[in-house]
Amino acid sequence: MSDIQSMTTDALQRITAATDLATLETLRVELLGKQGSVSGLLKTLGGMSPEERQEKAPAIQALRQAVADALADRKAAFEADELARRLATEKADLTLPAPDAPCGTVHPVSQVMDELAEIFADLGFAVATGPEIEDDWYNFTALNMPESHPARAMHDTFYFPDTAPKGGRMLLRTHTSPVQVRTMLAEGAPIRIIAPGRVYRSDSDATHTPMFHQVEGLVIDKDIHLGHLKWTLETFLKAFFETDDIVLRLRPSYFPFTEPSVEVDVGFAIENGRRVLGGSGDAPGHGWMELLGSGMVNRKVIEMSGLDPDEWQGFAFGVGVDRLAMLKYGMDDLRAFFDGDVRWLQHYGFSAYDQPTLSAGVGARP
Ligand code: PHE
C-alpha cells in the first residue's frame, strides 16, 4: 500500500471514530489546516517535475477530497443528532394546564361598578368622571352651598392649604355631585350619565371609612319629573339585586342641590339574623333601610352650570357603592374592603372572567 493510500485509510478511520464536534475540528486542523498533513502533501506538488506531478497529483487531490467529504459528512451527522436531541428534550407541551400560580381577584367594589355601568348603559346612560382633587366651587358653591352654608359642615371635608383657580380652597371631593356640574358645563344638555368614583370624608367606624365610593346619576332633558326618577331607581335596583321583589319608600328630605329632595329607603326582612332585601318594610318583622339620596336638580345648580332652568330640568341621585356591595354580597364590615387582606379578597373577590353582563346576569358568583 502506498503512503497516500495508508494516509487516506488512517485519516478516514480517525474521522469515523470521532465522537463529537470538538474532536472532528481538531482532526480538520490536523489534516486540512495550513500546517496539516494533507496540506503539507499538497505543497510538495510545487517542488515536483511536471511528469512526477502528473503522476502523483490525482492521488493527493483525491486524498484531500476524501478527507474533506468525510469531515463534512461526519459533521452533518453530529449536527443532525444534536438537533434530534434538542427536539426531544426541549419540547413545549401546549396541552399542559397553566401552572397553579397565585392569582388575583376582582375587588367587589370594581365588580359592582362594572355591574352599575352595565345596568345603566342598558338605560342609555354614559359613564362620566371628574377629579378626586376638586375645588371648593365645584364641590360646594355650584351645588348651591355658598361659603357660609351649614350643609358644608356636615361633609367633614379634607382641605388642602392651596387656593383653587375659582377662589376658595382645594379639597378632596366629599361626593360625586361635582361631576354633575362639570358634565353640564362641558357637554350642555340633554344629559344621561352615571359618575362612579372615590370620595373622601374625615370619618371612620365599621360603616364609614375616610375614602369610600359613590355613584352619581344625572338626567337633564325637557319635561323630566319625579316619576322618571322613581322609575329609573326602581328599574336599576331590581336589575342590580336581580329580583322584582324590591319595594321602595320615597321620603321628603333636604339637599341644597336638589328641590324637592327625596331620600329612598328599601324594604327588607330579617332571615337567619341577616337583612334580606324584599317586601314592604311595613310588614311584620320587616324594616326600611336608607339607601340613597336623590331629587330634582335645583334650578340654581342648572343655572350655575350654564343651562337655562326654564328650558332644562332633570333629576340626580347619589348612592354608596360600597354599601350596595355589602347589601348584595353580604359583607358586614366596610373597613375590611380597604385592608388589602388576601384572604378577604380570595373569599369575596370575583374571577376576572366573570364579567357582568345583563344577558348572563350582573351578579354571578365566582
Ligand atoms: N351628594 C349627596 C351625598 O353625598 C347624594 C345626592 C346626590 C343627593 C344627588 C341628591 C342628589 O350625600
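What counts as what
- Residue numbers run consecutively from 1 along every chain, following the written order of its sequence.
- Totals for whole chains, interfaces and linings use all residues, but because this is a predicted model, local features are given only for residues with pLDDT of at least 70 and pairs of side-chain atoms are given and counted only at 80 or more.
- For side-chain calculations, the full set of non-hydrogen atoms in the structure is used, while hydrogens and water are omitted.
- Numbering of helices and strands runs from the N terminus; a helix is a DSSP stretch of H or I covering at least four residues, while a strand is a stretch of E covering at least two.
- In what follows, a contact means two residues having at least one pair of non-hydrogen atoms within 4.5 Å.
- Whether two strands pair comes down to DSSP finding at least two bridges between them.
- Axes here refer to lines fitted to C-alpha atoms; in helices the fit is confined to the stretch in contact. Angles between the N-to-C directions go from 0 to 180 degrees.
- Note on terminology: near, applied to a residue and a molecule or strand, indicates that one of the residue's heavy atoms is within 4 Å of it.
- We call two N or O atoms a polar contact when they sit within 3.5 Å, provided that within protein one can donate a hydrogen and the other can accept it, with sequence-adjacent residues counted only if both atoms are side-chain atoms.
- A 1.4 Å probe and the Shrake-Rupley method give the accessible areas. Residues count as covered only by the protein chains that appear here.
- Residue type decides the class: Asp, Glu, Lys and Arg count as charged, Ala, Val, Leu, Ile, Met, Phe, Trp, Tyr, Cys and Pro as nonpolar, and the leftover types, Gly among them, as polar.
- Whether two aromatic rings pair depends on their centres lying within 6.5 Å, for rings of Phe, Tyr and Trp, where Trp uses its six-membered ring; planes under 30 degrees apart make the pair stacked, over 60 edge-to-face, and the rest tilted.
- Charge-over-ring placement is defined geometrically: NZ (Lys) or CZ (Arg) within 6 Å of the ring centre, and within 35 degrees of the ring normal.

## Quick word on the side chain of T232
Right, so step 1: On the secondary structure map, T232 appears in helix 8 (residues 226-241).
Right, so step 2: In this structure, T232 is in contact with F120, L123, F125 and F315, ignoring residues within four places of it in sequence.

## Here's the deal with the sheet that holds strand 4 (residues 169-172)
Right, so step 1: In spatial order, the strands read 2-4-3; together these 3 strands make up an open sheet with antiparallel pairing. The open sheet has two edge strands, strand 2 (133-135) and strand 3 (159-163), and neither has a second partner. Each strand of the sheet is rotated relative to its neighbour by a mean of 35°, with strand direction disregarded.
Right, so step 2: Bridging between strand 3 and strand 4 involves 2 bridges; their strand directions are antiparallel. From the neighbouring strand, T163 faces strand 4, where its bridge partner is R169.

## Quick word on the site of the ligand
Right, so step 1: Taken together, 14 residues surround the ligand, and among them H175, S177, R201, Q214 and E216 come closest.
Right, so step 2: Take Q214: an N or O atom from its side chain is 3.0 Å from an oxygen atom of the ligand.
Right, so step 3: Burial of the ligand by the surrounding chains reaches 90%, relative to a free accessible area of 330 Å².
Right, so step 4: It is strand 11 (residues 313-320) that provides the largest number of residues to the shell around the ligand, a total of 3 residues.
Right, so step 5: Looking at the shell around the ligand, its residues break down into 4 nonpolar, 8 polar and 2 charged.

## A look at the packing of aromatic side chains
What describes a pair of aromatic rings is the distance from one ring centre to the other and the angle between the planes of the rings.
Right, so step 1: All told, the structure shown has 12 aromatic pairs when counted by the stated rule.
Right, so step 2: Here the aromatic residues F120, F125, F236, F240, F241 and F317 are joined through ring pairs into a cluster of three or more.
Right, so step 3: The positively charged end of R169 is found above the aromatic ring belonging to Y159, 4.1 Å away from the centroid.
Right, so step 4: In this structure, K222 packs its charged tip against the face of W312, placed 4.8 Å from the ring centre.

Any functional reading would require information beyond the geometric quantities listed.
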